[in-house]
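Read off the chains here:
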Amino acid sequence: MAEPQQPAPRMRPAPLLFEPSEAVSDPEHFFDLESMDDPRELLSRSTELTLAFRAAADRASEFQALAAAQLADPRRFDRLTARDIADRAGWTEDYARKMIEFGRGLIRDGGVPQ
């Protein structure tokens, strides 16, 4: 009999390094990538950043879904409708409903982001 598969551990992306305020004011500056001369190093670091941003976006979306589900919880006296949540988040009402369901699934399955 096959054992149930464990979910794959969440990969930790490369840390995002915050840029000094003077670098942020320069529109050409992006995590010091523009100063790299070695294309191998540039590819490696830009790939790390791409993965880190994707992971951050995925994680942020999970938190959005969690918040949407909590705000729409019918047990809350101040619950919001999908339309209200959509307006607050800049979503369509249909997308808000999907995010509410996704968030409910996260809560139900114990997959709440930590």
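Just so you know, the residues in each chain are numbered from 1, in the order the chain's sequence is written. At least 70 in pLDDT is required for a residue's local features to be given in this predicted model, at least 80 for side-chain atom pairs to be given and counted, and no such filter applies to totals for whole chains, interfaces and linings, which use all residues. The basis for every side-chain value is the complete set of heavy atoms in the structure, and neither hydrogens nor water enter the calculation.

## Description of a negative patch on the surface
Patch membership is restricted to residues that have no salt bridge and whose relative accessible area is over 30%. Joining uses 9 Å for like charges and 5 Å for the nonpolar side chains Val, Leu, Ile, Met, Phe, Trp and Tyr. We get accessible surface area from the Shrake-Rupley algorithm with a probe of 1.4 Å; when it comes to residues, only the shown protein chains can shield them. Definition used for salt bridges: Asp or Glu carboxyl oxygen within 4 Å of a side-chain nitrogen of Lys or Arg. His is not counted here, nor are the chain ends, while Lys and Arg score as positive and Asp and Glu score as negative. Charge positions come from single atoms, namely NZ of Lys, CZ of Arg, CG of Asp or CD of Glu. A surface patch of like charges, here negative, comprises Glu28, Asp32, Glu34, Asp37 and Glu41. Judged by relative accessible area, Glu34 falls into the partly exposed class, the value being 41%. Note on exposure labels: buried denotes an accessible area under 20% of the residue type's maximum, exposed denotes more than 50%, and partly exposed covers the range between, all computed with a 1.4 Å probe on protein chains only.

## A closer look at the confidence of the model for the protein
Detailed conclusions should not be drawn from predicted coordinates in areas where pLDDT is low. Confidence scores per residue from the predictor, reported as pLDDT, run from 0 to 100. Per-chain confidence: the protein averages 83 in pLDDT, with 74% of residues scoring 70 or above. Helix and strand assignments follow DSSP, with helices taken as H or I runs no shorter than four residues and strands as E runs no shorter than two, numbered in order from the N terminus. Here helix α1 (residues 21-24) stands out as the least confident element of the protein, with mean pLDDT 54; helix α3 (residues 82-89) is the most confident, with 97.

## A word on the packing of aromatic side chains
Ring pairs shown here join Phe, Tyr and Trp side chains whose ring centres sit within 6.5 Å, with only the six-membered ring taken for Trp; geometry is labelled stacked below 30 degrees between planes, edge-to-face above 60, and tilted in between. Under the criterion given, the structure shown has four aromatic pairs. Judged by centre distance (6.2 Å) and plane angle (35 degrees), the rings of Phe30 and Phe53 are tilted. One end of the pair, Phe30, is in the loop between α1 and α2 (39-71); the other, Phe53, is in helix α2, and 23 residues separate them in sequence. Among the residues examined, Phe53 registers a relative accessible area of 33% and is labelled partly exposed.

## Description of the packing of α2 against helix α4 (residues 93-108)
Packing of α2 against α4 brings their axes to within 7 Å, and their N-to-C directions diverge by 95 degrees. As summarised for this structure, α2 and α4 are arranged roughly perpendicular, according to the angle between their axes. Counted together, Ser61, Glu62, Gln64, Ala65, Leu66, Ala68, Ala69 and Gln70 of α2 and Met99, Ile100, Phe102, Gly103, Arg104, Leu106 and Ile107 of α4 form the full contact between these two elements. Residue polarity is assigned by list, with Asp, Glu, Lys and Arg as charged and Ala, Val, Leu, Ile, Met, Phe, Trp, Tyr, Cys and Pro as nonpolar; anything else, Gly included, falls into the polar class. Of the residues belonging to the contact of α2 with α4, the class tally is nine nonpolar, four polar and two charged. Axis angles are defined between N-to-C directions and span 0 to 180 degrees, where every axis is a line fitted to C-alpha atoms and, for a helix, only to the segment in contact. An angle below 35 degrees is read as roughly parallel, one above 145 as roughly antiparallel, one from 65 to 115 as roughly perpendicular, and any other as oblique. Should any heavy atoms of two residues lie within 4.5 Å, those residues are considered in contact.

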